[in-house]
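Each chain is listed here by its residues.
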Amino acid sequence: MNDGKQYKKQDKINRGIKPDSRMSQTAGWWKYILIFFLFWVAISYFFNLFNENSSTTLPYSTFKNQVRTGNVVSVTMKGNDISGKFKSKFHLPSQSGNDTVKFQYFTTTKPSLTDDELLKILEENNVTINAESQDNSWISFLLIMVLPWILILGYFFYVRRKLQGQMGNMMGGSGGGIFGVGKSRAKRFRRQKAGVTFDDVAGLESAKQDLREIIDYLKEPEKFAKLGADIPKGVLLMGPPGTGKTLLARATAGEADVTFYSISGSEFIEMFVGVGASRVRDLFENAKRESPAVIFIDEIDSVGRVRGTGLGGGHDEREQTLNQILSEMDGFERNESVVVLAATNRPDVLDPALTRPGRFDRRITLELPGKGSRKKILEIHTRHVPLGEDVDLENIAARTVSFSGADLKNLVNEAALLAGRKQKSKVEMEDFDEARDKILLGAELEEMINDEEKRVVAYHEAGHALVAKLLPNTDPLQKVTIIPRGRSLGATEQIPEIERFNLKKAYLLDRIAVALGGRAAEKLVFDDVTNGAAEDFRMVTRIARKMVCNWGMSERLGPVMYNQGEDHPFLGRELAQQKDFSEHTQQIIDEEIMKIVVEMEHKAESLIYDNRIKLDALAEALLENETLDKKQIDWILESISRNDSSVKPLRERRSKEKAN
C-alpha cells in the first residue's frame, strides 16, 4: 500500500508545477515591479528637477502683488492651486546669496477662505484666466505619465522573455523560442474527446490484442508498478498506407481515456538547427505533465532514418531531432505513464537505436484486411449511408482484394457521390461497381475510340475471358468490359474465391496464360499484334521471374534463391539490390523466364484456336453491350456448347473461314 501511495504522490508532483519553480516565478515578478518603481521615481525626480529651474512657488500675497504690478500674463486654476506665467522673469536671490535666479513660471495656493478680490484684480490687469477640473487630474496623470512607460516596459519584458526562451532552447531548456518557434505543434485531444475506440476499428484483432495490455497499464499504472513490471515505452505500428495506423493509435488513447498528442515527424523539422529538438522536448514535457498520456508520431521515418549512412541525405537538424527523441525515451521514469506510438511504412530505413529494446521495443505489423475484415469495414463506413436493396457488402468485399481501409472508405464515398449526381435517394449496387472501376481504372474517357480499334479491344478482352474460363486453376471471372477508363481501353475482372497465401505453380502458370490470352486472340484474328498487351507483359515477366529466382519453380536452376531485387515490405515494388550470382547464371535465368512465358503463350494460342467460335461470340457480345457480367458470359459459352440456334451464324462463319 505504501508503494501505491508513494506512486500516486509522485505522479501528482509530475503532473503539476514544482513549488520551487512557482516561487521562482513569483520572485521574478516582484523583481520587475521593483525595477519599474525605481525607474519611475528616477524619472519623476529628474522631471521635478527640470521644473525647479523654470518654476517657483510663491506666497499668495506675493502672487497678488505681482498681479497688481502687471507682471502676470496668465493663470490656471485647479481648485485652490494656482499656476501661471510671468510677463518678465521673476528674480529671486540664490541660496549662496551672490546671485539671483530667474523664473518664468510660478505656482501658489489660495487660502481656503473665499477671496472675491482676486478675480477683480486679475480682470483689471488683463490676466488670462484658465480653469481646469480637479476631479480627473489623477486620470490625466496616469494616461500621460504612467501608461506610456507601462507599455514600453511591458514590450521590453515580452521581448526579453522570448529571447531568454530561445537561448534556453539552444542551451537545453524548454522555452518556446522567438514567437513560439520551439514549441511543439502536436494536436492535443483531451480525455473523452478522442472520440474513437476499438469498436470503430474493424479487423486488426491481433494488433488490438497487443495494445490492450498497454491500455490496462495506462488505466491502472500502480498495479503494474507494484509487480515491478515495465511497460513498453514505445510501440511501432508498421504497415502499408491506409491500413489504419493513425486510427488504431487514436483508438488506443480513446480506450484508455487519456490525453492524446498527435504529430507528424515532418513537423519537427525546420531550417534552423535545434528547433526540432526543442519541439521534441516541449512535446514530451507536456505529455509528462498530463500523464497518463499517449504520444503518436506519424511518419516517424522522416526523422528516424539511419544516421551516418547518407540514406535520405545528411541533415544535422534531422539527426539532432532523432537524438532528442532517443534521449527523451531513455528519460522516462517508472512512475511516468507516457506511451509513445509511432507509425511508418518504411521500417527498413529506421535507425537501429530507435528500434532497440527500451525504446520502440514492440513492433506491430498491420496487414491489408482480408475478406471478412473488408466486410466489417464496409459496414462501419456505410452506417450512415442509405443503401439499396440490391447492395451486397459481401460481394463488394470479395471484389476489393488488396483494398486498404482507406480505400474502402473512399469507395463508399465515391459511390455516394455518384448516386447523388444521378439524383438517387439510395446508393445502389451499380454505383459501387462504377465507383470501384473508377478507383482501379480511372474515369471513363470522353473521347470515343473508332470502330476498328474497338473491335481489336473487344477480341483482346474476349481472349482474356475465354482462357480464364477454359483453364482449371484460375480465379472466377466476374466481368469483362471494353469501356475505356484512364490508361486502359478495356478490362477483365477476376475475383479469387479465397484469400490466397500459398501460390501453387499450376495457378501461377494459368495466370500467365490468362494474361497472354489477349495477345493470342489478336494474333489469331487480325494476324497482327498491338501495344495493348504492354501491362500484361510486365505482369507475366514479374511472375515468371519470381518463380525462377525466388520460389524455386525452375527444374534447371533448382531450389535456390537468386536476389535480383528485394520487394519492399509494404509499398509493393521492387528495390534495387546487388546481384550475387554469375553472368552464366543470369543467362540461365533469362532462358528459364523466356521458356515459361513462351510455353504459356503457346498454350493460350492453342486454347483460343480450338475455341474460336466462343471467342467470336464473346467479342460480338462485347461490341454490342460493352460490358458482360459473369451470368452473361456463362450463358454465351453454355449456348455454344449446346449448339444453340442463337450462335449458329457464328459457327457457319467459322466453317467458311476454315474452308478458305
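In what follows, the structure referred to is the one given above.
What you are looking at is a predicted structure, and each value in this text was computed from that prediction instead of being measured. Counting restarts for each chain, with residues numbered from 1 along the sequence as it is written. The predicted origin of the model limits local features to residues at a pLDDT of at least 70 and limits the giving and counting of side-chain atom pairs to 80 or more, whereas totals for whole chains, interfaces and linings rest on all residues. Here the side-chain values reflect all heavy atoms present in the structure, with hydrogen atoms and water set aside.

Student: Is there a simple way to think about the overall build of the protein in this case?
Tutor: The number of helices and strands found in the protein is 22 helices and 16 strands. Each residue's exposure class comes from its accessible area (1.4 Å probe, protein chains only) as a fraction of the maximum for that residue type: buried when under 20%, exposed when over 50%, partly exposed otherwise. When each of the 660 residues of the protein is scored for burial, the buried share is 42%. Residues are treated as being in contact if the distance between any of their heavy atoms lies within 4.5 Å. Of all intrachain contacts in the protein linking residues separated by at least 6 positions in sequence, the fraction that spans at least 24 positions is 72%. Under the convention used here, a 1.4 Å probe and the Shrake-Rupley method define accessible areas, while residue burial counts only the protein chains that appear. Here the protein displays about 37200 Å² of accessible surface, and carbon together with sulfur accounts for 52% of that area. Counting from the N terminus, the helices are the DSSP runs of H or I reaching at least four residues and the strands are the DSSP runs of E reaching at least two.

Student: When you look at the pattern of salt bridges in this model, what are you seeing that I'm missing?
Tutor: Note on pairing: side chains with opposite charge can pair once their charged atoms come close. We define a salt bridge as a contact between a side-chain nitrogen of Lys or Arg and a carboxyl oxygen of Asp or Glu at a distance within 4 Å. What the rule picks out here adds up to 25 salt bridges. The residue E601 makes a salt bridge to K523 at a minimum N-O spacing of 3.7 Å. Taken as a pair, E601 in helix α19 (residues 583-610) and K523 in helix α17 (residues 505-526) lie far apart in primary sequence, 78 residues in all. With a closest N to O distance of 2.8 Å, K523 and E605 form a salt bridge. Pair noted here: K523 is in helix α17 and E605 is in helix α19, with a separation of 82 residues, a long-range link. The class of E605 is partly exposed, set by a relative accessible area of 22%.

Student: Got a minute to help me understand the pairing of strand β8 (residues 259-264) in this structure?
Tutor: Successive residues of a regular strand alternate their side chains across the two faces of the sheet. Burial within β8 is extensive, with six of its six residues counted as buried. The side-chain alternation of β8 yields two buried faces, one formed by T259, Y261 and I263 and the other by F260, S262 and S264. Any two strands with at least two DSSP bridges between them are considered paired. In terms of strand pairing, β8 meets strand β9 (residues 293-298) through six bridges, oriented parallel. Its bridge partner lying in β9, I263 is registered against I297.

Student: Just checking my understanding: could you explain the pairing of strand β13 (residues 491-494) for this structure?
Tutor: The alternating pattern of β13 places A491 and E493 on a buried face, while none of T492 and Q494, on the opposite face, is buried. Note: strand β12 (residues 477-481) against β13, four bridges, orientation antiparallel. Paired with L477 across the two strands is Q494, which belongs to β13.

Purely geometric numbers; function is a separate question.
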